[in-house]
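The primary structure of each chain is shown beneath.
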Amino acid sequence: MPLVLITRGPRVTDEELQPLLESVCQIVAEGLTVPGTEGELNADEIEVAVTEAGPLDQNMKDIAIIVWANVYPERLENFDDRRSQIAGRMMARLPGKYSGSLWVLLQPGSYQEW
């Protein structure tokens, strides 16, 4: 289950972030899915957390997004293309007046629900 962390600066309002929040799960699922493998994803498998940048944060963009997901060889084959596609779709849903960044981090992971 991928985890998306969105950190926003104090100038970014709820209303400005809402268009991204309405589609971020679908964007990430479509950008990272590998059909027919363990890497196949649906939007309801993406977890999203939104936090506020604090006074101790340094060198932060107005909107900083980190996507953590399990690594699969098929995702690595075109990793930069996947990141670029995800970033483009995210940027299209955000006001252009803000700076932003996207990290997509693929690594081994283990997930459990209770």
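Reference entry: report on the structure contained in this document.

What counts and what doesn't
- Residues numbered from 1 in each chain as written.
- Predicted model: local features only at pLDDT ≥ 70, side-chain atom pairs only at ≥ 80, totals over all residues.
- Heavy atoms only, no water.
- Pairing = 2+ DSSP bridges.
- Helix = DSSP H or I, 4+ residues; strand = E, 2+ residues; numbered from the N terminus.
- Axes fitted to C-alpha atoms, helices over the stretch in contact; angles between N-to-C directions.
- Right-handed = clockwise from strand over helix to strand, strands pointing away.
- Expected span 1.5 Å × (residues − 1).
- Buried < 20%, exposed > 50% of the residue type's maximum accessible area, 1.4 Å probe, protein only.
- Arc of directions from axis to C-beta.
- Contact = heavy atoms within 4.5 Å.
- Core = buried A, V, L, I, M, F, W, Y, C linked by side-chain atoms within 4.5 Å.

## Here's the deal with the sheet that holds strand 3 (residues 63-70)
Argument step 1. In space, the four strands of this open sheet follow the order 2-1-3-4, with mixed pairing throughout. Edge positions in the sheet fall to strand 2 (47-52) and strand 4 (100-107), since each has one partner strand and no second. Recorded for the sheet is a direction-independent mean angle of 15° between the axes of neighbouring strands.
Argument step 2. Note that strand 1 (residues 3-8) and strand 3 share six bridges and pair antiparallel. Bridging across to strand 3, Arg8 finds its partner in Ile63.

## A closer look at the pairing of strand 1
Argument step 1. Both strand 1 and strand 2 contribute to a ladder of six bridges, which runs parallel. Note on strand 2: the bridge partner recorded for Thr7 is Thr51.
Argument step 2. In this region the chain leaves strand 1, passes through helix 1 (residues 14-32) and returns to the parallel neighbour strand 2; the handedness of that crossover is right-handed.

## As for helix 3 (residues 79-91)
Argument step 1. Over its 13 residues, helix 3 extends 18 Å from the first C-alpha to the last, a length consistent with the 18 Å expected when each residue adds 1.5 Å.
Argument step 2. When we look at burial in helix 3, the residues that qualify are Arg82, Ile86, Ala87 and Met90. Looking straight down helix 3, one finds its buried side chains confined to an arc of 130°; they lie on one side. Away from the buried face of helix 3 by more than 90 degrees, exposed residues Asp80, Asp81 and Met91 are located.
Argument step 3. Along its buried surface, helix 3 packs onto helix 1, strand 3, helix 2 (73-77) and strand 4.

## Focus: the nonpolar core
Argument step 1. Residues Leu20, Ile65 and Met90 are the most contacted members of the largest nonpolar core, which totals 24 residues.
Argument step 2. Going through the elements one at a time, strand 1, helix 1, strand 3, helix 3 and strand 4 are the ones with two or more residues in this core.
Argument step 3. A total of seven residues in this core trace back to one element, the largest contributor, which is helix 1.
Argument step 4. If we skip the residues at most four places from it in the chain, Leu20 touches Ile6, Ile27, Ile65, Met90, Arg93 and Leu94.

Such coordinate-based values are descriptive only and should not be taken to indicate function.
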